[in-house]
Number of protein chains: 2
Amino acid sequence: MTNQFNRRKFLQYTGMAGSAFFLPGKSTAAPAPLFTSDEIGLSKWELETPSLCLELEVMEYNLKKVHQNLQDTGIGVRPHIKTHKSPFLAKMQMEAGAVGVCAAKLSESEIMLENGISKVLMTGVNVTPEKIRKAMDLRKKHAGFIQAVDNPVNARDLQDAANAAGIIAEVVVDLDVIRRSGVPTGIPAVELAQLVDRAPNLRFMGILAYDGGAQHVKGHEARKARTVQTFEPVVETYESLVKSGLNVEIFSGAGTGTYDMMADIPGFTDVQVGSYLFMDAQYMAIGSKGNAALYDDFDPSLTVMTTIINTNHPNRLITDSGAKAFTINKPSGIVIGEPDFTYNAGSDEYGTITYTTANKSYQVGDRLEVIVPHCDPAINLYDRIYGIRRGKVEMIIPIMARGMSR
Amino acid sequence: MTNQFNRRKFLQYTGMAGSAFFLPGKSTAAPAPLFTSDEIGLSKWELETPSLCLELEVMEYNLKKVHQNLQDTGIGVRPHIKTHKSPFLAKMQMEAGAVGVCAAKLSESEIMLENGISKVLMTGVNVTPEKIRKAMDLRKKHAGFIQAVDNPVNARDLQDAANAAGIIAEVVVDLDVIRRSGVPTGIPAVELAQLVDRAPNLRFMGILAYDGGAQHVKGHEARKARTVQTFEPVVETYESLVKSGLNVEIFSGAGTGTYDMMADIPGFTDVQVGSYLFMDAQYMAIGSKGNAALYDDFDPSLTVMTTIINTNHPNRLITDSGAKAFTINKPSGIVIGEPDFTYNAGSDEYGTITYTTANKSYQVGDRLEVIVPHCDPAINLYDRIYGIRRGKVEMIIPIMARGMSR
């Protein structure tokens, strides 16, 4: 068992061929590529299962809807590609009017920038010398790459690396709103922003304030109340920054759950929506402004096609799609057309549906279509999304940044 | 946005280049390949994070240990590759004395057979015409491929497809033990076995009886009691099959939690252990025969290296590794060397550690090593495993069947 290697094989197996950082010397030319295969033109009901499917018309509706809903607010849209990890979908978002995209990780940012997406704000921080150096190399190649910082030591490291790379790097300060990432609001944040502003090789661009915990709070009023409270110290910090003479071009935050409640936040510029494109069982359950029972600002477009493999027990169907096809997030996947079905994806390889009433009698081999529990980690399980229009596979979208958590 | 395609790009993005079924016309030659990269030779503490690491000496210990522990029992080992999805590791298991391997899905089976693993028992069923046809094509190429069946309609479909392919296909009957897959024990199972036996193009090989629910029952005695009870109708079925003149060459089941309690089951031939190679927080918690507090038949070899990115709050550390690096399975990941740390991977992109006591003071940029909650779905998040020996990367193992749930 020795190391066997040739470049083609390496690229074949890795699934990370778009990454310059984590693979030796590649070059990716084509922006936002698509797969083709003999699956193009198949009915979605003919696809081998599990398959991740996207109803293109519904997705396109969602894509426009977020801009329509925000059009009179002055709030921009900076979609978070951590959700779909696909340059192809990011390109559609840019063409729909996004001011840029967000990425969570350096490897994701690179995939976007190297595949035709010119404006990427990385919301996570890079704290190790290697990642900081790589990030500055990426900024050197791509002027539209914005980095985040949340502590002064890291700001000095970014300054040194930008200097070494011979660039002036755009930087936003991430504010602590849920005791996760970020610098404390108030004086520490202002001092950090000033430190960035004074650093000769960094350019202060603004602030991030993402309340991840608010997105799935049930009830529009409850989310709004939480958001107003969360943003009190954030807005104070924003005002201190402005007062101190800093130019806060970017004041970014909010997600699919709170995108429509940011217009009253002074200085706020753009929402980092991700799930709006797809929806999932988690978001459908939170309720919208006009509908307490169902969040319906956006419609569900993303499903997993699954096959029934066992019907031996009454009121129970076994499918071929378990945790490796759905994740074990709750609430469970929603079986389309069968409101009484409960889908349990707790087994790695099998799904178990239990029910009291069904609209038809199911046989082994029948397919079911299931809305995923939580779209981000579900998409991260697949290498491709089947784009469906009028029931047929129109395109196969590569999830190029799948698995890229670095 | 039109379909762009060339073959190399397609293979690059897909990560499924080893699959003949789901990609057009490929050919894979080398068995059990490894990656090389400039990461070879790095300390595991220098790897970019999150990274999935395997302590090779510990893994090799586990690899031998299962055979040692079973050596006087007559029970064979048929490791389940759904856990690691790597032909390279499957090859090590075969060389260590496995009687063959198990795979859950058709796409996994193919990756194994096409990459040097000649004996694969697929424990899941194929129920759609397309998958049945592909399975028979695979059997035509690889004589060591054994398929499962759990209902008579499916047995007839397998017969027709084997006939169409011009082969005699080896088939095992999967028995229902936990109301998931399988035919009911007793008369339905015997009749199905007889149906397979009579089918001119099928060869009855034996039975499967996997009690997935028993594996994580806490306490060796409790697992044994459950196993004895579960296997009562299974053994009755086995005896009926033998009495009816059928040759039950294979009587396979059990996993890492129950592998050492099968010797008293009449006719039982082999255990389908998977996690034994790695261990995880779930298995460590179940207790072994000699140790109620810690399951220590096998030692933990698989970890995720993670980096601390925020230390702003007391008794709290934020890392760069969340649900996309670990899954959200419980119990949580175990931070090596810090018994008081609780690792919460509930956020997709971030880990949150809470503690009251720590053995050292941690800074942003420090690495931590974490045993995963549940090894199977965690491995399925990564494209490669870093094989570590004496602290350094010795090899990079491609997880070639990652994401293959079809």
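Just so it is clear, the model here is predicted, and its values are computed rather than measured.

Chemist: Please set out the overall build of chain A residue by residue, giving values where relevant.
Modeler: The helix and strand inventory of chain A stands at eleven helices and 17 strands. Summarising its shape, the C-alpha atoms of chain A cover approximately 70 × 60 × 35 Å along the three principal directions. In chain A, buried positions account for 65% of the 406 residues. The contacts in chain A between residues at least 6 apart in sequence include a share of 68% that link residues at least 24 apart. As displayed, chain A has an accessible area near 13800 Å², and 50% of this comes from carbon and sulfur atoms.

Chemist: Account for the packing of helix α4 (residues 106–113) of chain A against helix α5 (residues 129–141) of chain A, naming residues and giving values.
Modeler: All names here are of chain A. Closest axis-to-axis distance for the α4/α5 pair is 11 Å, and the angle between their directions is 15°. The angle between α4 and α5 places the two elements in the roughly parallel class. As for the relative orientation of α4 and α5, their crossing is left-handed in sense. In this structure, α4 uses Leu106, Ser109, Glu110 and Leu113 to contact α5, whose residues at the interface are Lys131, Lys134, Ala135 and Leu138. Looking at the contact of α4 with α5 residue by residue, the class counts come to four nonpolar, one polar and three charged.

Chemist: So what's going on with the nonpolar core? Residues and values would help.
Modeler: In this structure, Val173, Phe251 and Val271 of chain A together with Val173, Phe251 and Val271 of chain B are the most contacted members of the largest nonpolar core, which totals 180 residues. Setting aside anything within four residues of it in sequence, one finds Phe251 of chain A in contact with Ile207, Ala209, Phe231, Val234, Tyr238, Ile265, Pro266, Gly267, Phe268, Thr269 and Asp270 of chain A.

Chemist: Pulling in residues and values, what's your account of the side chain of Arg78 of chain B?
Modeler: All names here are of chain B. Structurally, the position occupied by Arg78 is in the loop between β2 (76–77) and α3 (87–95). In this structure the side chain of Arg78 is engaged in a polar contact, spanning 2.9 Å, whose partner is the side chain of Asp270. Look past the residues within four positions of Arg78 in its chain and what remains in contact with it is Val99, Gly100, Val101, Cys102, Leu121, Ile250, Ser252, Asp270, Val271, Gln272 and Val273.

Chemist: Residue-level account of the sheet that holds strand β9 (residues 270–271) of chain A, with values.
Modeler: All names here are of chain A. Ordered in space as β2-β9-β8-β7-β6-β5-β4-β3, the eight strands form an open sheet in which the pairing is parallel. If you trace the sheet from one side to the other, it starts and ends with β2 (76–77) and β3 (101–103), each paired once. The sheet contact formed by strand β6 (residues 169–174) and strand β7 (residues 202–209) spans six bridges and is parallel. Counterpart to Glu170 in the pairing with β7 is Arg203. Sitting on the sheet, α5 is in contact with β5 (145–149), β6 and β7, with an inclination near 150° to β5.

Chemist: Hey, could you go over the packing of helix α6 (residues 152–165) of chain B against helix α7 (residues 187–198) of chain B for me, with residue numbers and the actual values?
Modeler: Residues and elements named next belong to chain B. Packing of α6 against α7 brings their axes to within 10 Å, and their N-to-C directions diverge by 10°. Put simply, α6 runs roughly parallel to α7. Side by side, α6 and α7 meet where Pro152, Ala155 and Arg156 of the first sit next to Leu192, Leu195 and Val196 of the second. Here the contact of α6 with α7 is composed, by residue class, of five nonpolar, no polar and one charged.

Chemist: Tell me about the UniProt feature "domain: D-serine dehydratase-like" (unreviewed entry) in chain A, and please be specific about residues and values.
Modeler: Taking the UniProt record as the reference, the feature "domain: D-serine dehydratase-like" (unreviewed entry) is found at residues 301–389 of chain A. Secondary structure content for residues 301–389 of chain A is 10% helix and 37% strand, and the end C-alpha separation is 11 Å.

Chemist: Quick one: what's the story with the sheet that holds strand β8 (residues 250–253) of chain B, residue by residue and with numbers?
Modeler: All names here are of chain B. The strand order across the open sheet built from eight strands is β2-β9-β8-β7-β6-β5-β4-β3, with neighbouring strands paired in parallel fashion. Either end of the sheet is taken by a strand with one partner, and the two such strands are β2 and β3 (101–103). Here four bridges tie strand β7 (residues 202–209) to β8, and the two strands are oriented parallel to one another. Bridge pairing in β8 links Leu208 to Ser252.

Chemist: Describe the domain arrangement of chain A, naming the residues involved and giving the relevant values.
Modeler: Residues and elements named next belong to chain A. Here chain A is described as being made up of domain 1 (30–55 + 280–406) and domain 2 (100–268). The gap between the C-alpha centroids of domain 1 and domain 2 is 33 Å. Taken residue by residue, the interface counts 19 residues in domain 1 and 19 residues in domain 2. Considering only the side of domain 1, the residues that lose the most area to domain 2 are Tyr283, Ile286 and Arg406, jointly responsible for 35% of the buried surface there. In this structure, the connection of domain 1 to domain 2 is made through zero salt bridges. Inspection of the region where domain 1 meets domain 2 yields nine residue pairs in polar contact (both at pLDDT 80 or more).

Chemist: I'd like a rundown of helix α2 (residues 56–70) of chain B, residues and numbers included.
Modeler: The terminal C-alpha atoms of α2 of chain B, which comprises 15 residues, lie 22 Å apart, in line with the 21 Å expected from a rise of 1.5 Å per residue. Those residues of α2 of chain B not exposed but buried are Leu56, Met59, Asn62, Leu63, Lys65, Val66, His67 and Leu70 of chain B.

Chemist: Tell me about the pattern of salt bridges, and please be specific about residues and values.
Modeler: For the coordinates displayed, the defined rule picks out 44 salt bridges over all chains. Here Asp320 of chain B ties to Lys131 of chain A by a salt bridge, and the two come within 3.9 Å at their closest N and O atoms. Here Asp320 of chain B, found in the loop between β11 (316–319) and α10 (323–326), pairs with Lys131 of chain A, found in helix α5, and the two come from separate chains. For Asp320 of chain B, a relative accessible area of 7% translates into the label buried. Judged by its relative accessible area of 7%, Lys131 of chain A falls in the buried class. By sharing partners, the salt bridges in this structure join Glu130, Arg133, Lys134 and Asp137 of chain A into a single network.

Chemist: Lay out the pairing of β5 of chain A with the relevant residues and their values.
Modeler: Residue and element names in this part refer to chain A. With respect to burial, β5 is a largely interior element, five of its five residues being buried. Along β5, one buried face is formed by Phe145, Gln147 and Val149 and the opposite face, lined by Ile146 and Ala148, is buried too. Between strand β4 (residues 120–125) and its parallel partner β5, the chain crosses via α5, and the hand of that crossover is right-handed. As defined by bridge partners, β5 adjoins β6 across three bridges and the pair is classed as parallel.

Chemist: I'd like a rundown of helix α8 (residues 220–243) of chain A, residues and numbers included.
Modeler: All names here are of chain A. Counted at 1.5 Å a residue, the expected span for α8 with its 24 residues is 34 Å, and the 33 Å between its end C-alpha atoms agrees. A maximum bend of about 40° is found in α8 at Glu232, where proline Pro233 lies one to four positions downstream. Buried within α8 are the following residues: His220, Arg223, Thr227, Thr230, Phe231, Val234, Val235, Thr237, Tyr238 and Leu241. Buried residues along α8 sit against α7 (187–198), β7 and β8 (250–253). Just downstream of α8, Gly245 is the residue with a positive phi angle, here 95°.

Chemist: Residue-level account of the pairing of strand β5 (residues 145–149) of chain B, with values.
Modeler: For strand β4 (residues 120–125) of chain B and β5 of chain B, the ladder comprises three bridges, and the chain directions are parallel. Bridge pairing in β5 of chain B places Leu121 of chain B opposite Ile146 of chain B.

Chemist: Give me the lowdown on the environment of Leu138 of chain B, citing residues and values where you can.
Modeler: Residues and elements named next belong to chain B. Structurally, Leu138 can be placed in helix α5 (residues 129–141). In this structure Leu138 comes out as buried when scored by relative accessible area, which is 2%. Remark: the alpha-carbon pair of Leu138 and Glu114, spanning 24 residues in sequence, is separated by 9.2 Å.

Chemist: An account of unusual backbone geometry is requested, with residue identities and associated values reported.
Modeler: In this chain, Thr49 of chain A is followed by Pro50 of chain A through a cis amide linkage whose omega measures -5°. Tracing the sequence through the fold places Pro50 of chain A in the loop between α1 (7–14) and β1 (51–55). With omega at -5°, the peptide bond leading from Lys330 of chain A into Pro331 of chain A counts as cis. By the secondary structure assignment, Pro331 of chain A is in the loop between α10 (323–326) and β12 (334–335). Even without being glycine, Arg390 of chain B reaches a positive phi, approximately 50°. Summarising the element assignment, Arg390 of chain B is placed in the loop between β16 (384–389) and β17 (392–398). Residue classification places Arg390 of chain B among the exposed positions, given a relative accessible area of 72%.

So, how was this worked out
- Residues numbered from 1 in each chain as written.
- Chains lettered and ligands numbered in written order.
- Predicted model: local features only at pLDDT ≥ 70, side-chain atom pairs only at ≥ 80, totals over all residues.
- Heavy atoms only, no water.
- Helix = DSSP H or I, 4+ residues; strand = E, 2+ residues; numbered from the N terminus.
- Buried < 20%, exposed > 50% of the residue type's maximum accessible area, 1.4 Å probe, protein only.
- Contact = heavy atoms within 4.5 Å.
- Areas by Shrake-Rupley, 256 points an atom, 1.4 Å probe, with all protein chains shown as cover.
- Axes fitted to C-alpha atoms, helices over the stretch in contact; angles between N-to-C directions.
- Parallel < 35°, antiparallel > 145°, perpendicular 65-115°, else oblique.
- Left-handed = near helix turned anticlockwise from the far one by under 90°.
- Nonpolar A, V, L, I, M, F, W, Y, C, P; charged D, E, K, R; others polar.
- Core = buried A, V, L, I, M, F, W, Y, C linked by side-chain atoms within 4.5 Å.
- Polar contact = N/O pair within 3.5 Å; in protein donor to acceptor, adjacent residues only side chain to side chain.
- Pairing = 2+ DSSP bridges.
- UniProt positions renumbered as here; feature names shortened; annotations may be inferred.
- Domains from an automatic or database assignment.
- Buried area = accessible area lost by both parts, 1.4 Å probe.
- Salt bridge = Lys/Arg side-chain N within 4 Å of Asp/Glu carboxyl O.
- Expected span 1.5 Å × (residues − 1).
- Right-handed = clockwise from strand over helix to strand, strands pointing away.
- Bend = angle between axes of the 7 residues up to and from the residue.

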